[in-house]
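Geometric and topological summary
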Amino acid sequence: MRCAPIDSGPAPDVLMRARAGDHGAFGELVGRYDERLRRLAFRLLGCPRRMDDALQEAYVKAYRGLSSFEGRSSVGTWLYRITYNTCLDLLRSESRRETTTLEVLREQPDTAPGPDGRAAERADLAAALAALPPDQRAAVLLVDAEGYDYDAAGDILGVARGTVASRLSRARSALRAALAEDEGGPT
């Protein structure tokens, strides 16, 4: 079983200052998670412009919601959840689905490097990942790419641990089939 990434969280004074309206403290708070949130949004949306739009909206929602943050989860989990929900809202609201080209999938966000690991950089894996439904893609990204355990991923996605497990199972099966197909093997 994998453990959730260590998230010691921001210093309590940074959180208090951010809640009091200190923009610099909020920037410090968000900056701690920005790179990982960018990876999640980019892989869910497949386009740097859409990623930037979603993150801008997510950060505004987080700023406005600071006063209601109760601390039942880590700040990182809370920000991931806001970002994930914002990305899903954006995907739902688009009247026509943009076609994600392989070149776009190879692009990386301007301010952050791409996901760690050689396998994630492979174009065939990126294309197979992009073909997954957003809920399955998010489960794979959180557990396999970011290292969250099923419980933490469930908190972020707003679903039970078993739902995370079933989404991962379906996603991994689809990825195996797509990758086997790309290599000329049986599906």
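This is a predicted model, so every value here is computed, not measured. Every chain is numbered on its own, with residues counted from 1 as its sequence reads. The model is predicted, so local features are restricted to residues of pLDDT at least 70 and side-chain atom pairs to those at 80 or more, both for listing and for counting; the totals for chains, interfaces and linings are taken over all residues. Side-chain figures throughout are based on the complete set of non-hydrogen atoms in the structure, without hydrogens or water.

**Re the pattern of salt bridges**
Any Lys or Arg side-chain nitrogen located within 4 Å of an Asp or Glu carboxyl oxygen qualifies as a salt bridge. This structure, assessed with the given rule, holds 15 salt bridges. Here Asp22 and Arg17 are joined by a salt bridge, their closest N and O atoms 3.3 Å apart. For Arg17, a relative accessible area of 32% puts it in the partly exposed group. When salt bridges with common partners are traced through the structure, they connect Asp13, Arg17, Asp22 and Glu28 into a single cluster. To sort residues, take the accessible area from a 1.4 Å probe on protein chains only and compare it with the maximum for the residue type: under 20% means buried, over 50% means exposed, and anything in between is partly exposed.

**Re the layout of surface pockets**
Considered as a void within the structure, the second largest pocket measures approximately 170 Å³ in volume. The rule is simple: put a 1 Å grid over the protein atoms alone, call a set of points where a 1.4 Å probe fits but cannot get out a cavity, call an open set with protein on both sides within 12 Å along at least five of seven lines a pocket, and count a residue as lining if it has an atom within 4 Å of a point. Forming the boundary of the second largest pocket are Ser68, Phe69, Glu70, Gly71, Arg72, Ser73, Thr77, Trp78, Arg81 and Asp155. Segments assigned H or I by DSSP are reported as helices when at least four residues long, segments assigned E as strands when at least two residues long, and all are numbered from the N terminus. Sort the elements by how many residues they give to the lining of the second largest pocket and helix H5 (residues 75-93) lands first, with three residues. As a working rule, the residues Ala, Val, Leu, Ile, Met, Phe, Trp, Tyr, Cys and Pro are called nonpolar, Asp, Glu, Lys and Arg charged, and the rest polar, with Gly in that last group. Of the residues in the lining of the second largest pocket, the class split is two nonpolar, four polar and four charged. Grid points are joined across faces, edges and corners, and a volume is the space filled by probe spheres set on the points.

**Digging into helix H10 (residues 150-157)**
Along an α-helix, a turn takes 3.6 residues, which lines up residues three or four apart on a common side. Within the sequence span of H10, burial applies to Ala152, Ala153, Gly154, Ile156 and Leu157. We call two N or O atoms a polar contact when they sit within 3.5 Å, provided that within protein one can donate a hydrogen and the other can accept it, with sequence-adjacent residues counted only if both atoms are side-chain atoms. One side-chain oxygen of the residue at the start of H10 lies 3.2 Å from the amide nitrogen of Asp151, identifying that residue as Asp149. Directly after H10, the chain includes Gly158, whose backbone phi takes a positive value near 75°.

**Notes on helix H1 (residues 12-19)**
Listed in full, the buried residues belonging to H1 are Val14, Leu15 and Ala18. Down the axis of H1, the buried set is contained in an arc of 100°. They therefore lie on one face. The exposed residues of H1 that point more than 90 degrees off its buried face are Pro12 and Met16. Immediately beyond the C-terminal end of H1, within one or two residues, lies Gly21, with a positive phi of roughly 100°. Note that the arc is defined by the directions from the helix axis to the C-beta atoms.

**Section: the packing of helix H9 (residues 134-145) against H10**
Axis definition: a line fitted to C-alpha atoms, limited for helices to the stretch in contact. Angles are taken between N-to-C directions and run from 0 to 180 degrees. Contact geometry of H9 with H10 gives a least axis separation of 10 Å together with a crossing angle of 135°. The angle between the axes of H9 and H10 places the two elements in the oblique class. Relative to H10, the crossing made by H9 is right-handed. The segment H9 lies against H10, with Ala138, Ala139, Leu142 and Val143 engaging Tyr150, Ala153, Ile156 and Leu157. Per-class residue counts for the contact of H9 with H10 are eight nonpolar, no polar and no charged. Roughly parallel covers angles under 35 degrees, roughly antiparallel covers those over 145, roughly perpendicular covers 65 to 115, and oblique covers all other angles. Whether a crossing is left-handed or right-handed is set by the direction in which the near helix is turned from the far one by less than a right angle, anticlockwise for left-handed and clockwise for right-handed. By the convention used here, residues are in contact when the closest approach between their heavy atoms is within 4.5 Å.

**Quick look at the confidence of the model for the chain**
Per-residue confidence for the chain gives a mean pLDDT of 81; residues scoring 70 or more make up 76%. Within a predicted model, pLDDT stands for the predictor's per-residue confidence, ranging from 0 to 100. Within the chain, helix H7 (residues 118-121) has the poorest average pLDDT of any element, 43, and helix H4 (residues 48-65) the best, 95. Per-residue pLDDT stays below 50 along residues 95-106; that stretch engages in 20 contacts with residues further than four places along the chain or on separate chains. For the stretch residues 110-121, pLDDT sits under 50, and the model shows 16 contacts to residues farther than four places along the chain or on other chains.

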